[in-house]
Amino acid sequence: MSIYAYLVCPSRKLMLGLGKPLREPDGKIRQFAAGSESAPSNSEQSDLTKALWKFLADTTGEALYVKFDYGEEFETIAGYPEIGGDAEDGNIPFEDYLRGWSG
Amino acid sequence: MEMAGIDAPDAPNTPSNDRTPALVGAHAGDSPPAGHGSSGSGTDTPSPGHAPQSGSGADGYPTPEQTGSRTPDGPGGDVPHLDGNDAHGTDGGTLDGDRTPDTPDRDSASQGPDGTTRDPFESLDPETQQRLVDDLVADSNPEFPLTRDNAEAVLRDGPPGTTPQSAGEGVQGADVKFVDDNGDVVLRRENKSISGGYNSFNSAIDKAKDQIDYNGEVWIQVRPCTEVDSWIHRWQGTRTDARLGEYTNVDVVFRDTNGNPLGRYNLVERPPPR
């Protein structure tokens, strides 16, 4: 699907890519899947999973949203630094985000 | 829906340099000639034979300058339009959930009656064609959905001898795969429909290249008159040659909502400085 989901913290201006929403036949989202069809499930991607836990710790007390990559507001959201994104775009690669973190 | 607390970003995605390239390998047509594209060889290994397309139209496609970049019909763009009938059947074409990937009905011959290579999409029966288009439209940005023309274009002009399949909503990875008779994926295409600006484009590329495993095509629907050249220039301008080299086998194809091809770009091509 061309849709992608992100975990977004507006107050910290930070986001984490979750992946393509995979749906059941009734439309309910079953899981998110980051990467190609041969990629491990999200929970088996250690950097992504660790980053999710660190993201939760870093944003304690703040409002978090799961947002899709469409709608007027996404142009603003897409400008936030993304955990796991390319450094060239002002994002924070997993390696940098998780360096020295033991959680 | 408004989301509380979302303010304008601190421009983290704004390049700080001024290395905007002057020229990229743009082609007004959005469909490659036979053999073009980021075709793999049945594996995920990038094709070593893939050559970046020059901006001179040397591959047979005119540059935007030659065509005004608004050519209404590129190859594949002058095809009969499928109507909106929902012919969603139960056979083939869609990889859905845990179902075994199946293959749409396809004529055994991949050549037309005049001996020319046949577009794999033309080898599908009309119901399967309809269903694949329906799948792609239903699976796209609900606030800026893929047009039927553009959905059909994504399914057209696949590598000879392959069959187009859509992933559907239950399968991770690329939206469209062209699969050969051995079941190997020869080409992957990911659809994105962008109603926003550069930030949205940048995010789309970042995710799409992973979904196609750095080997395939990203088809992007945009609003008419979107300056896609400037997006490509800016995106390339923030990256070193080494980083761009990772995108050797990634092409980006733009079409607007009127079905006009706006350009085909190979992301590794760094144009000369202005």
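Rules and cut-offs
- Residue numbers run consecutively from 1 along every chain, following the written order of its sequence.
- Key to labels: chains lettered from A, ligands numbered from 1, both in the order written.
- Residue-level local features of this predicted model are given only where pLDDT is at least 70; pairs of side-chain atoms are given and counted only at 80 or more, and the full residue set underlies all totals for whole chains, interfaces and linings.
- A helix here means a DSSP run of H or I that spans at least four residues, while a strand means a run of E at least two residues long, and both kinds are numbered starting from the N terminus.
- Only the C-alpha atoms count toward the radius of gyration. The rule for a globule is 2.2 Å times the residue count to the power 0.38.
- Note on burial: count the other C-beta atoms lying within 10 Å of the residue's C-beta; 20 or more is buried, 12 or fewer is exposed, in between is partly exposed, and C-beta positions come from the backbone.
- A strand pair is defined by DSSP finding two or more bridges across the two strands.
- The convention used is that axes are lines fitted to C-alpha atoms, helices contributing only their stretch in contact, and that angles between N-to-C directions extend from 0 to 180 degrees.
- Whether two residues are in contact is decided by their C-beta atoms, placed from the backbone, lying within 7 Å.
- Any residue outside Ala, Val, Leu, Ile, Met, Phe, Trp, Tyr, Cys, Pro, Asp, Glu, Lys and Arg is labelled polar, Gly included; the first ten of those are nonpolar and the last four are charged.
- Here is the rule for handedness: rotate from the far helix to the near one, and if that takes an anticlockwise turn smaller than a right angle the crossing is left-handed, while a clockwise turn gives right-handed.
- Connectivity within a nonpolar core runs through C-beta atoms within 7 Å, and the core itself is a set of buried Ala, Val, Leu, Ile, Met, Phe, Trp, Tyr and Cys residues.

Q: I tried to follow the overall build of chain A on my own but got confused; where do I start?
A: Looking only at helices and strands, chain A has 3 helices and 5 strands in total. N-terminal to C-terminal, the α/β element order of chain A is β-β-β-α-β-α-β-α. Its C-alpha atoms give chain A a radius of gyration of 14 Å, within 12% of the compact-globule value 13 Å for 103 residues. Expressed as a percentage of its 103 residues, the buried residues of chain A come to 37%.

Q: Explanation requested: the sheet that holds strand β4 (residues 216-222) of chain B in the structure shown.
A: Strand pairing in a sheet is mediated by backbone hydrogen bonds. Such pairs are either parallel or antiparallel. Residues and elements named next belong to chain B. Within the open sheet, the 6 strands sit side by side as β1-β2-β3-β4-β5-β6. Their pairing is mixed. Unpaired on one side and paired on the other, β1 (163-166) and β6 (261-266) mark the two borders of the sheet. Direction aside, the axes of adjacent strands within the sheet are offset by 20 degrees on average. Along the sheet, helix α4 (residues 198-211) contacts β3 (185-193), β4 and β5 (250-256); its crossing angle with β3, the most-contacted strand, is approximately 160 degrees.

Q: Mind showing me how you'd approach the interface of chain B and chain A here?
A: Accessible area lost during the coming together of the parts is what is often quoted as the interface size. Listed as interface residues are 42 residues of chain B and, on the opposing side, 38 residues of chain A. For the side of chain B that touches chain A, the secondary-structure elements that each account for two or more residues are β3 and α4 of chain B. For the side of chain B that touches chain A, the leading source of residues is α4 of chain B, giving 8 residues. Considered class by class, the residues forming the side of chain B that touches chain A number 9 nonpolar, 18 polar and 15 charged.

Q: Would you mind showing me how to read the environment of Thr-59 of chain A here?
A: Residues and elements named next belong to chain A. Mapping Thr-59 onto the fold places it in the loop between α1 (46-58) and β4 (65-68). C-beta crowding within 10 Å serves as the criterion here: with 17 such atoms nearby, Thr-59 is assigned to the partly exposed category. Distance from Thr-59 to Phe-74, taken between C-alpha atoms, is 20 Å for residues 15 residues apart in sequence. Aside from chain neighbours lying at most four places away, what touches Thr-59 is Cys-9, Arg-12 and Leu-64.

Q: Which parts of the structure should I look at to understand the packing of helix α2 (residues 126-138) of chain B against helix α3 (residues 148-155) of chain B?
A: For any two helices packed against each other, the geometry is given by the interaxial angle and the distance between the axes. Residues and elements named next belong to chain B. Interhelical geometry of α2 versus α3 gives an angle of 115 degrees and a closest axis separation of 9 Å. Pair α2 / α3 crosses with right-handed handedness. Facing α2, whose interface residues are Leu-132, Val-133, Leu-136 and Val-137, α3 presents Arg-148, Ala-151, Glu-152, Val-154 and Leu-155. Residues of the contact of α2 with α3, tallied by class, amount to 7 nonpolar, no polar and 2 charged.

Q: How should I be thinking about the nonpolar core in this particular structure?
A: The nonpolar side chains of a soluble globular protein tend to be buried, and buried together. Within the largest apolar cluster, 37 residues are counted, with the highest numbers of intra-cluster contacts made by Val-154, Leu-155, Val-218, Ile-220, Val-252 and Phe-254 of chain B. Every residue in contact with Val-154 of chain B, bar those within four places of it in the chain, is listed here: Leu-136, Val-176, Arg-189, Asn-191 and Trp-219 of chain B. Membership of the second largest hydrophobic core comes to 20 residues, among which are Tyr-4, Tyr-6, Val-8 and Met-15 of chain A.

Q: Please explain helix α5 (residues 228-237) of chain B as it appears in this structure.
A: An α-helical segment advances 3.6 residues per turn. Residues three or four places apart therefore align on the same side. Residues and elements named next belong to chain B. Most of α5 sits out of view: 7 of its 10 residues are buried. Considered for burial, the residues of α5 that qualify are Val-228, Asp-229, Trp-231, Ile-232, His-233, Trp-235 and Gln-236. Looking at the buried side of α5, the elements it contacts are α4, β4, α6 (241-245), β5 and β6.

Q: Teacher, can you tell me more about the pairing of β5 of chain B here?
A: All names here are of chain B. Burial analysis of β5 places 6 of its 7 residues in the buried class, the great majority of the element. Bridge count between β4 and β5: 7 bridges; the pairing is parallel. Directly across from Gly-216, in β5, lies its bridge partner Val-250. The pairing of β5 with β6 spans 5 bridges and is antiparallel. Its bridge partner lying in β6, Val-253 is registered against Arg-264. Hairpin connection of β5 to β6: 4 residues between the antiparallel strands, including Gly-259 at a positive phi of 85 degrees.

Keep in mind these numbers describe shape, not what the thing actually does.
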